[in-house]
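Architecture and fold: a report
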Amino acid sequence: MGKPMKEYELLETMCKRGALLTIAIKYFQFISYLFLKLMAPFMKKTTWYNSFFRFVWTAGGAGRKSLSYFKSLRWAVEAGNDYLKSQLDAVKKKKPTVWVEWNISPEPVIALGITPVTPEWPVGLAPTKGAMEAVRIIEYAESEGLTEDLCSASKCAEGSSLAKQLPNPVAIITSTQPCDSVQAVYQSLA
């Protein structure tokens, strides 16, 4: 995995970047929108494909969407940031968490007053920390014994767990779907 991350570094980074993104969308909508629109011609041949900025640019409509679309992203950004902050808060306050597979509704866990964590989230957000960040986490999982034939989301969850980027759960909720890879990795995660 190269230089090891400190515990919860990925989670902390995502919370900080989510906070910045929330401010940009909430208070500087038009300026942020205009900036993304003006960057469109320069983004097509960029070498920093999986960077935080490119993630924001594509999620913000890649300079092709309307201002009203961009404004509507505020709620999704705030919800995502609140989700990650709840995990960091659980770590800091030593509150219990339950890992909930990505395809299972977390509402029952929330209703119990426990913080849900979807261990697959790093595969989607780790590249915003650096182009090779998810790959590094996956390679770390493979170096710890996971086979190459498992899916990237599952291996990134396992690698994130091993690298202490996810809060430890008091329980894990999973299903027998959608694939054998999920079943194999969740047994390993347990």
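Look above for the structure.
Quick look at the structure, then. All figures in this text were calculated on a predicted structure; none of them were measured in a lab. (Residues numbered from 1 in each chain as written. Predicted model: local features only at pLDDT ≥ 70, side-chain atom pairs only at ≥ 80, totals over all residues. Heavy atoms only, no water.)

Quick look at the pattern of salt bridges
- Counted by the stated rule, this structure contains nine salt bridges.
- Ionic pairing is found between Lys 95 and Asp 89, a salt bridge with its closest N-O pair at 3.3 Å.
- Given a relative accessible area of 25%, Asp 89 falls into the partly exposed group.
- Look at the salt bridges and you will find they share partners, linking Lys 26, Arg 74 and Glu 78 into a network. (Salt bridge = Lys/Arg side-chain N within 4 Å of Asp/Glu carboxyl O. Buried < 20%, exposed > 50% of the residue type's maximum accessible area, 1.4 Å probe, protein only.)

Structural notes on the environment of Leu 146
- On the secondary structure map, Leu 146 appears in the loop between α7 (133-143) and α8 (152-162).
- A residue is classified by how much of its surface remains accessible, and Leu 146, at 14% relative accessible area, is buried.
- In the structure, Leu 146 is positioned 39 residues away from Val 185 in sequence and 8.3 Å away in space, judged by C-alpha atoms.
- Sequence-distant contacts of Leu 146, defined by excluding residues within four places in its chain, comprise Ala 141, Lys 155, Glu 158 and Ser 188. (Helix = DSSP H or I, 4+ residues; strand = E, 2+ residues; numbered from the N terminus. Contact = heavy atoms within 4.5 Å.)

Honestly, it's all geometry; don't read function into it.
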